[in-house]
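Secondary and tertiary structure notes
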Amino acid sequence: MLFSSGIIGSDPATGKVPEDLGKQWEFAFAHVKSLVENAGGTLDDIGAVKVYMKDRSQREAVNKPWLEMFPDEDNPPARHAIEPRHRT
């Protein structure tokens, strides 16, 4: 089993997080793929992913690279999207 702490969408060439949210998610999922492959696994070995986003309006930025990484709609890993609660 492989567990990871948070993975951010930083550009591997610069180490910086881009302003574009879609690019952040593309990089984050590329980092997930690299992590799993470096451990000897494949994307098919991923059982569950937790996705943290500021609010649900960011869902489309997540969905596009998600569907590119897991195109088989009958066999994606479980995904739990979490929107942090804001304290007032």
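Values in this document were obtained by computation on a predicted structure and should not be read as measured data. (Residues numbered from 1 in each chain as written. Predicted model: local features only at pLDDT ≥ 70, side-chain atom pairs only at ≥ 80, totals over all residues. Heavy atoms only, no water.)

Helix and strand content of the chain: two helices and two strands. Scanning the chain from its N terminus toward the C terminus, one meets helices and strands in the order α-β-α-β. Taking 12 Å as the expected radius of gyration for a compact globule of 88 residues, we find that the chain reaches 13 Å, a close match to that expectation. Considering only C-alpha atoms, the chain reaches an extent of 45 × 35 × 25 Å along its principal axes. Counting across all 88 residues of the chain, residues that qualify as buried make up 27%. (Helix = DSSP H or I, 4+ residues; strand = E, 2+ residues; numbered from the N terminus. Rg over C-alpha atoms; globule rule 2.2 N^0.38 Å. Buried < 20%, exposed > 50% of the residue type's maximum accessible area, 1.4 Å probe, protein only.)

The pLDDT averaged across the chain works out to 92; a share of 97% of its residues lies at or above 70. Across the chain, element-level confidence peaks in helix α1 (residues 21–38) with a mean pLDDT of 96 and bottoms out in strand β2 (residues 78–82) with 91. (pLDDT = per-residue confidence, 0-100.)

With that settled, consider the packing of aromatic side chains. Summed over the entire model, instances satisfying the criterion amount to three aromatic pairs. Residues Trp-25 and Phe-29 carry aromatic rings whose centres are separated by 5.6 Å and whose planes lie at 35° to one another, so their mutual orientation is tilted. Placement of both Trp-25 and Phe-29 in helix α1 is noted, with a separation of four residues, approximately one turn of the helix. This pair shows no difference in class: Trp-25 is buried, exactly as Phe-29 is. Judged by centre distance (4.7 Å) and plane angle (55°), the rings of Trp-66 and Phe-70 are tilted. (Phe/Tyr/Trp six-rings, centres within 6.5 Å; stacked < 30°, edge-to-face > 60°.)

Here the focus is the pairing of β2. Here strand β1 (residues 48–52) runs beside β2; their pairing, made up of five bridges, is parallel. Looking at the pairing, Lys-50 lines up with His-80 of β2. In this region the chain leaves β1, passes through helix α2 (residues 59–69) and returns to the parallel neighbour β2; the handedness of that crossover is right-handed. (Pairing = 2+ DSSP bridges. Right-handed = clockwise from strand over helix to strand, strands pointing away.)

Given a rise of 1.5 Å per residue, 18 residues ought to cover 26 Å, and the 26 Å separating the end C-alpha atoms of α1 matches this to within 8%. Considered for burial, the residues of α1 that qualify are Trp-25, Phe-27, Ala-28, Phe-29, Val-32 and Val-36. Against β1 and α2 lie the buried residues of α1. The backbone nitrogen of Gly-22 has a side-chain oxygen 3.2 Å away, supplied by the residue at the start of α1, namely Asp-20. Gly-40, located one to two residues past α1, shows a positive phi value of around 95°. (Expected span 1.5 Å × (residues − 1). Contact = heavy atoms within 4.5 Å. Polar contact = N/O pair within 3.5 Å; in protein donor to acceptor, adjacent residues only side chain to side chain.)

With that settled, the discussion passes to the layout of surface pockets. Here the largest pocket defines a volume of roughly 1000 Å³. Looking at the largest pocket, it is lined by 35 residues, and the ones nearest its centre are Ile-7, Val-32, Ala-48, Val-49 and Lys-50. Looking at the lining of the largest pocket, the elements with two or more residues in it are α1, β1 and β2. Looking at the lining of the largest pocket, the element that brings in the most residues is α1, giving eight residues. Counted by class, the lining of the largest pocket contains 21 nonpolar, 10 polar and four charged residues. (1 Å grid on protein atoms, 1.4 Å probe; cavity = no way out; pocket = protein on both sides within 12 Å on 5 of 7 lines; lining within 4 Å. Points joined across faces, edges and corners; volume = space filled by probe spheres on them. Nonpolar A, V, L, I, M, F, W, Y, C, P; charged D, E, K, R; others polar.)

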